[in-house]
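# Examining the three-dimensional arrangement
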Amino acid sequence: MATGKGLFGSSLARKYWMALTGLFLCSFLVIHLLGNLPLMTGDHEAFNIYARFMTTFPVIKAVSYLLYASILLHTVDGLMLTRQNSAARPVKYANYNGAANASWASRNMALLGTFTLVFLIVHLKSFWFEMHFGNVPTVLIEGEEVKDLYTLTVTSFAQWWYTAFYVFAMAMLGFHLWHGFSSAFQTLGINHPTYTPIIKGIGAFFALVIPGVFALIPIVIYLNSLAA
Amino acid sequence: MNLTLQIWRQNGPQDAGRTVTYPVSNVSPDMSFLEMIDELNIDLIKKGEEPIAFDHDCREGICGMCSMFINGEAHGPDRGVTTCQLHMRTFKDGDTITVEPWRAKAFPVIKDLMVDRSAFDRVIQAGGYISVNTSGNTLDANAILVPKADADAAFDAATCIGCGACVATCKNASAMLFVSAKVSQLALLPQGKVEAAERVQNMVRQMDLEGFGNCTNTGACEVECPKGISLENIARMNREFLSASLTH
Ligand code: HEM
Ligand code: SF4
Ligand code: FES
């Protein structure tokens, strides 16, 4: 096991990076969700303007590189931690009652993270890749040709299995955050008799509401497609 | 009470080991778990079989030796107790009980249920001390004022008995609760603050070298710790190490 000094190599430093990238990804989830809301109200133009803004505005572009780096670092670091953790117990218990003292989510962070990773790959291929490099039909907005991500999205979610996959993935992300959000604060050394219960409350709210609303969007689109 | 025990038997560090089933009868609910094993060992000796090797010493919850992973939990199902303080009344007549040694790369099995916990000693040697001059002109400890809240928190951390239940119970075999208790008991006091930055770095380095896992903050250690050592100590160690990393 590596034993670096400073902010790299040691077990504790690995966790600081996990917590920092994890919290950064949480902040991104909020922005992403706000941008997706026009999909729910069926506001075709507002969503396409948002999509164009996200792919062209320089500040967003800069932040997006930070985001890709965070996903990569969080994933690689998470897999390294998980490998070390399983190597720390080469002979497993015949009888291990994990449920007696820890939550299911906290014991399955790597599994939940891996589901999230699979989802991210599918998701980025379907929308991010198509938006950047694909042949998406365009629409005219304020006299300018803009890729019609709205229509691409709505037609994708009209397929029931595609919507079901998204809902399942959001449930996995919800469990990941159920433990992960407050865990990140503990990792960064924040544990306080007054604030920690508040952080845990915010974490539970975050884990329910953010993936919940994300999942609601494809459900609403799917139901609308049935009605149409 | 009549019980069925499934106990891990392993002749030595190199032996592959296996689970052996032992029926035991006439167990009194007032016996401690160790006394129940004593009775079984007497029977085994009478039958000319090798008794089960297990660690124990004080038999009153203060030495931390009695490591046993019982029914999937460190020190069994009770909270705030060691195995010597676990009573047979916790179980029901007819129960099957599994008994395994602590499982961790850093705690190799010596024999049967005994494991080698000297990794903990090496973590302590790496920084669990203060450097003071003891050559005749020692200061009166009471001459240094310590705020009551700090003294209490340091004392709470110092109640850790080094049993290793935190490592045994952690899904990652992480020693964070133990190491953070040892870091905290000194970092909170004026005498320990002088070397705090070096201490936390050296102890964490040794912890990693021994092959303990990382912390996922599941909190299982805090639940299973017989001395109620709190996760606040782990957060304190995370703070101490972060600030030491940024300044040293
Ligand atoms: C939007 C996506 C994601 C968010 C918001 C997120 C957030 C978080 C947060 C806040 C933590 C807690 C950090 C800590 O305990 O200090 C965490 C832990 C973790 N994440 Fe993620 N995560 C995401 C995706 C992923 C992915 C793609 C993986 C890759 C497989 C992953 C694997 C892990 C693992 C293994 C841990 C536990 C590390 C440990 O404590 O041992 N996560 N995540
Ligand atoms: S922290 Fe608790 S469980 Fe861990 S060694 Fe100390 S007393 Fe035992
Ligand atoms: S034998 Fe000393 S704590 Fe159990």
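Here we summarise the structure given alongside this text. Quantities reported herein were computed from a predicted structural model and do not represent experimental measurements.

Time to look at the pairing of strand β2 (residues 144–147) of chain A. Residue and element names in this part refer to chain A. Bridge analysis of strand β1 (residues 138–141) against β2 gives four bridges, and the strand direction is antiparallel. Of the residues in β2, the one forming a bridge with Thr138 is Lys147. Counted between consecutive antiparallel strands, the loop separating β1 from β2 contains two residues, among which Glu142 sits at a positive phi close to 50°.

Our next topic: the site of ligand 2. If you check the shell around ligand 2, you find 13 residues, and the closest are Cys160, Cys163, Gly164, Cys166 and Cys225 of chain B. A per-class count over the shell around ligand 2 returns eleven nonpolar, two polar and no charged.

On to the coordination of the iron atom of ligand 1. For a metal with four tetrahedral donors the ideal donor-metal-donor angle is 109.5 degrees, while six octahedral donors give ideal angles of 90 or 180 degrees. Residues and elements named next belong to chain A. Bound to the iron atom of ligand 1 are the protein donor atoms His74 (NE2) and His176 (NE2), situated 2.0 Å from the metal. Around the iron atom of ligand 1, the six donor atoms sit at angles spanning 87 to 180°, and that spread fits a shape best called octahedral. Of this pair, His74 sits in helix α3 (residues 58–87) while His176 sits in helix α7 (residues 160–187), placing them 102 residues apart in sequence. Note on accessibility: His74 and His176 belong to one class, buried.

What follows covers the site of ligand 1. Close to ligand 1 lie 25 residues, the nearest being Lys15, His74, His176, Ser183 and Thr187 of chain A. Around ligand 1, the neighbouring residues derive from chains A and B rather than from a single chain. Take Lys15 of chain A: an N or O atom from its side chain is 2.6 Å from an oxygen atom of ligand 1. His74 of chain A places a side-chain nitrogen or oxygen 2.8 Å from a nitrogen atom of ligand 1. Mapped by element, the contributors of at least two residues to the shell around ligand 1 are α1 (11–41), α3, α5 (109–133) and α7 of chain A. The residue inventory of the shell around ligand 1, partitioned by class, reads ten nonpolar, 14 polar and one charged.

The next point concerns the sheet that holds strand β5 (residues 96–100) of chain B. Residues and elements named next belong to chain B. With mixed pairing, five strands are arranged side by side in an open sheet as β2-β1-β5-β3-β4. The strands lining the two open edges of the sheet, one partner per strand, are β2 (18–24) and β4 (73–74). Across the sheet, helix α1 (residues 33–46) is in contact with β1 (3–9), β2, β3 (69–70) and β5; its angle to β1 comes to roughly 80°.

For helix α7 (residues 196–209) of chain B, spanning 14 residues, the distance from its first C-alpha to its last is 20 Å, which sits close to the expected 20 Å at 1.5 Å a residue. Along α7 of chain B, the residues classified as buried are Ala196, Ala197, Arg199, Val200, Gln201, Met203, Val204, Gln206, Met207 and Asp208 of chain B. Considering only its buried residues, α7 of chain B is in contact with α1 of chain A together with α2 (118–125), α5 (176–187), α6 (190–193) and α9 (232–247) of chain B. The positive-phi residue at the C-terminal boundary of α7 of chain B is Gly211 of chain B, with phi of around 90°.

Rules used in this analysis
- Residues numbered from 1 in each chain as written.
- Chains lettered and ligands numbered in written order.
- Predicted model: local features only at pLDDT ≥ 70, side-chain atom pairs only at ≥ 80, totals over all residues.
- Heavy atoms only, no water.
- Pairing = 2+ DSSP bridges.
- Helix = DSSP H or I, 4+ residues; strand = E, 2+ residues; numbered from the N terminus.
- Near = heavy atom within 4 Å.
- Nonpolar A, V, L, I, M, F, W, Y, C, P; charged D, E, K, R; others polar.
- Donors = N, O, S within 2.8 Å, 3.2 Å for Na, K, Ca; no water.
- Tetrahedral: all angles 85-135°; square planar, octahedral: opposite > 155°, others 65-115°.
- Buried < 20%, exposed > 50% of the residue type's maximum accessible area, 1.4 Å probe, protein only.
- Polar contact = N/O pair within 3.5 Å; in protein donor to acceptor, adjacent residues only side chain to side chain.
- Contact = heavy atoms within 4.5 Å.
- Axes fitted to C-alpha atoms, helices over the stretch in contact; angles between N-to-C directions.
- Expected span 1.5 Å × (residues − 1).

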